[in-house]
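Letter by letter, the chains look like this.
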Amino acid sequence: MVGLALIVLIAAGCGGATAASSSPTALPTPLVTPDPHLREPVTADQIWGAIARGHMSLVPSNATISEGTIVKRINADLEGWTLRITAYTNAAAMKKAKVWLAGEVPGTGDAPYNFAGLNIMVEYGPTSRAGPPPQADPEHRATAEKLLGILDPLLWPIDQHSVLPIPSRTIPPVVPTAAPTKAPKSPVPAKSKAP
C-alpha cells in the first residue's frame, strides 16, 4: 500500500496539472518630451502667442510689416512697460541690426531688458535718447524673468543685454571635445661635467 501511494505521488509530480502561464506584462510607454525649440525663421506672431499663453498682461499697440530686413515688429504693453518683438528675415540680419554684445549693460536708447535669439529680438522696457534706461524695479524684473523663461526654450541660445542679467534656464548641450594631444617631449640637454 505504501508502495502504491508512493507511485501515485511520483506520477502526480511528473505529469498532471501544469502551472498557469502568465501573460507578458506590457512595459510602460516612454514619455517623449517634445522639443519646444523653434526653427528659423521664427515669426513675431509665434513669439506673441507664446507670451500670451504665459498668462502675462499683454496689450497690443500696433505692428509694422516688411521694413527691409525686418519682417514684422509688434509693439505692445507688457505689465506696464513697453514690449517690442522684432522678427528679422534671418539670424544674420538680426545680428547685423543688433548693435550690442551679449552681457553688455544697456546704454542710451536701449531698453532695460533685451533678448535676441535665432532671428528674433525682444526688447522690454522704455527707451530714451536722453540717457540710459531706467533701473528695473522688482516688479518689472520679475516680469523680465518670466518673459525670459518663456523665450529661453523657444529661441535658445539667447543673447542678453540687460540692466541686471537674468540667469538662463536652458542648459547648453554638452559638446564632446577631442582628447588633448600630448606635445612631444623635447630632449633634455645633458648636464655637462665641470672640469
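Note that the structure is a prediction, hence the values are computed from the model and not measured.

Caption draft 1: Broad picture of the sheet that holds strand β1 (residues 58-67). The six strands lie next to each other as β1-β2-β3-β5-β4-β6, forming an open sheet whose pairing is antiparallel. What marks the edges here is a single partner per strand, and that holds for β1 and β6 (159-162). Strand-to-strand twist of the sheet, defined as the mean angle between neighbouring strand axes without regard to direction, takes the value 10°. The pairing of strand β3 (residues 81-88) with strand β5 (residues 120-124) spans five bridges and is classified as antiparallel. Across the sheet, I85 pairs through a bridge with V122, a residue of β5. Packed on one face of the sheet, helix α2 (residues 44-53) meets β1, β2 (70-78), β3 and β5 and runs near 20° to β2.

Caption draft 2: Spotlight on α2. Buried within α2 we find A44, I47, G49, A50 and I51. Turning to α2, the residues buried within the fold contact β1, β2, β3, β5 and α4 (138-155). One or two steps after α2, the chain reaches H55, where phi turns positive at roughly 55°.

Caption draft 3: Summary view of the pattern of salt bridges. By the definition in use, this model includes four salt bridges. A salt bridge links K72 to D45; the nearest nitrogen and oxygen atoms lie 2.9 Å apart. On the criterion of sequence distance, the pair formed by K72 in strand β2 and D45 in helix α2 is long-range, its members being 27 residues apart. Of the charged contacts in the structure, one is a salt bridge between K98 and D159, with a shortest N-O distance of 3.0 Å. Residue K98 is located in the loop between α3 (91-97) and β4 (113-117), and its partner D159 is located in strand β6; the two are separated by 61 residues in the primary sequence.

Caption draft 4: Structural view of the nonpolar core. Ranked by size, the top nonpolar core spans 32 residues in total, and within it I47, I51, L83, I85, Y113, L147 and L155 carry the most contacts. Take this core: its biggest share by element is seven residues, from α4. Ignoring any residue separated from it by four or fewer positions in sequence, one finds L83 in contact with I51, L58, I74, N75, A76, L78, V122, E123, Y124 and L147. Counting seven residues, the second largest nonpolar core, distinct from the first, contains I70, A93, W100 and M121.

Rules used throughout
Residues numbered from 1 in each chain as written. Predicted model: local features only at pLDDT ≥ 70, side-chain atom pairs only at ≥ 80, totals over all residues. Heavy atoms only, no water. Pairing = 2+ DSSP bridges. Helix = DSSP H or I, 4+ residues; strand = E, 2+ residues; numbered from the N terminus. Axes fitted to C-alpha atoms, helices over the stretch in contact; angles between N-to-C directions. Contact = heavy atoms within 4.5 Å. Buried < 20%, exposed > 50% of the residue type's maximum accessible area, 1.4 Å probe, protein only. Salt bridge = Lys/Arg side-chain N within 4 Å of Asp/Glu carboxyl O. Core = buried A, V, L, I, M, F, W, Y, C linked by side-chain atoms within 4.5 Å.

Shape descriptors only; they carry no functional weight alone.
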